[in-house]
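Spelled out, the chains give:
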Amino acid sequence: VYVIMVMFCIASSLAMYSCFEPLVMLTYALPLPICRLPKMNLCICRLDLELRQMLLLIVSISTTIVWFVFRKSDWSWILQDFLGILFSINMLKVLRLPSLKICTVLLGLLFVYDIFFVFITPLFMPGGKSVMVEVATGHSTDEQLPMVLKVPHLTPDPCYTFTYSLLGFGDILVPGLLLSFCHGFDLMIGSGWKVYWLVSCVSYTLGLLATFISLYLMNSAQPALLYLVPFCLIPIFFVALCRGEFQAMWKGDIQEQDNEDDQGEDDFTNDPVTTNQSADSNQVAAAATNQNNGIVHQSKEE
């Protein structure tokens, strides 16, 4: 558990720096002095930063340290959710799926995975406990894995002990990859209204709403992907079919890459033909030159 916590601290520190660095870069347009720090060679990296970048790095590391020290406080969920959101944004900046087919396969497999570990494992586990719930809540220890967003159950009772609904990072990142692909596809086809991205965002919001409603009504752990996957995929399929763009979206970048490969093969095939034609032309020109030289020599001899 502590190894995962340390990894979360490192990853969220880097994510916080990566997400806020563009804001720091905007300050360089202001008439402020630039103070470049000396280069620092560490064991695993080399730092060559300006003062404002170093301050951002220090704030990022300090924020994760504060969360780690006070992680059992009632207010620590605010920092954990803040760092978790930044971590998810940074991961979505790095990862990207190439086609709707890959998105559908990935979401379908994790749909089955989530249902199995939440609803099926209690049927054969001791005490009828869900593996997913036990891992998320820390089992019998007083430590919880930080790979979740914690949503507190608010109440006006001042003596109430906080309880939380948990939303795993997988329930954010996996549908987020689909949303990211939809945004990229909108850019590829030049959609001015960002149709697929708007549809996917609205669908994801409704899926989350359905998840929390079912959690409240059933008063038991729910696999979020059970609601998020159909809520996200079905509207996108419907819109793509109505707009006649389903095949292009289904193949995505793979189709574009195949077209580029075919074009490259055509160019490669045409090159030898051009070379052969050039060689034949050179041979004809050489033969004509030799023939003319023979005529000239014969004229001189005569």
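Just above, that's the structure.
Throughout, a residue's number is its position along its own chain's written sequence, starting from 1. Local features in a predicted model are, by the rule used here, given only for residues with pLDDT of at least 70; side-chain atom pairs are given and counted only at 80 or more, and totals for whole chains, interfaces and linings are based on all residues. Excluding hydrogens and water, the side-chain figures rest on all heavy atoms present in the structure.

(A) Structural context of the environment of Pro146. Secondary structure counts use DSSP, requiring at least four H or I residues in a row for a helix and at least two E residues in a row for a strand, with both numbered from the N terminus. As for its placement among the helices and strands, Pro146 is situated in the loop between helix 5 (131–137) and strand 3 (148–152). Spatially, the C-alpha atom of Pro146 lies 9.3 Å from that of Arg71, the residues being 75 residues apart in sequence.

(B) Examining helix 4 (residues 100–120) more closely. Take the number of residues in a helix, subtract one, and multiply by 1.5 Å to get its expected span. With 21 residues, helix 4 extends 29 Å from end C-alpha to end C-alpha; this agrees with the ideal 30 Å at 1.5 Å per step. Exposure classes here rest on a 1.4 Å probe applied to the protein chains alone. A residue is buried below 20% of its type maximum, exposed above 50%, and partly exposed in between. Turning to helix 4, its buried residues number three or more, namely Leu100, Cys103, Thr104, Leu107, Asp114 and Val118. Along helix 4, the residues classed as buried sweep out an arc of 100 degrees about the axis, all on the same side. Seen from the open side of helix 4, the exposed residues pointing more than 90 degrees away from its buried face are Leu109 and Val112. What the arc measures is the spread of directions leading from the helix axis to the C-beta atoms.

(C) Layout of the pairing of strand 3. Counted residue by residue, strand 3 has four buried out of five residues, so it is predominantly covered. Any two strands with at least two DSSP bridges between them are considered paired. By the bridge criterion, five bridges tie strand 3 to strand 4 (residues 164–168) in an arrangement that is antiparallel. Across the sheet, the residue bridging to Val148 is Gly168, located in strand 4.

(D) The pattern of salt bridges, seen in detail. For this analysis, a salt bridge means a side-chain nitrogen from Lys or Arg found within 4 Å of a carboxyl oxygen belonging to Asp or Glu. Evaluated as defined, the whole model comprises three salt bridges. Asp48 is the salt-bridge partner of Arg36, the closest N and O atoms lying 3.5 Å from each other. A residue pair is termed long-range when its members are at least 10 positions apart, and Arg36 in the loop between helix 1 (2–26) and strand 1 (40–41) and Asp48 in the loop between strand 2 (46–47) and helix 2 (51–69) qualify at twelve residues. In this structure, Arg52 and Glu50 form a salt bridge, with 3.3 Å as the shortest nitrogen-oxygen distance. Classification of Arg52 as buried rests on a relative accessible area of 17%.

(E) Inspection of a nonpolar patch on the surface at higher detail. A grouping of Val202, Leu206, Leu209, Ile213, Tyr216, Leu217, Met218 and Phe231 is seen on the molecular surface, where their side chains present a nonpolar patch of about 860 Å² in accessible area. No other element matches the seven residues that helix 7 (residues 195–218) contributes to the nonpolar patch. Structurally, the position occupied by Tyr216 is in helix 7. Residue classification places Tyr216 among the exposed positions, given a relative accessible area of 69%. Two joining distances apply to patches: 9 Å for like charges and 5 Å for nonpolar side chains (Val, Leu, Ile, Met, Phe, Trp, Tyr), and every residue must have over 30% relative accessible area and no salt bridge. Accessibility throughout is a Shrake-Rupley quantity obtained with a 1.4 Å probe, and a residue counts as covered only by protein chains that appear here.

(F) Structural detail: helix 3 (residues 76–94). Under the 1.5 Å per step criterion, the end-to-end length of helix 3 is 27 Å for 19 residues, consistent within 8% with the ideal 27 Å. What helix 3 keeps buried is the set Ser76, Leu79, Gln80, Asp81, Leu83, Gly84, Leu86, Phe87, Ser88 and Asn90. Where helix 3 is buried, its residues meet helix 1, helix 2, strand 3 and helix 6 (170–189). Contact between two residues is taken to exist if any of their heavy atoms lie within 4.5 Å; hydrogens are not considered.

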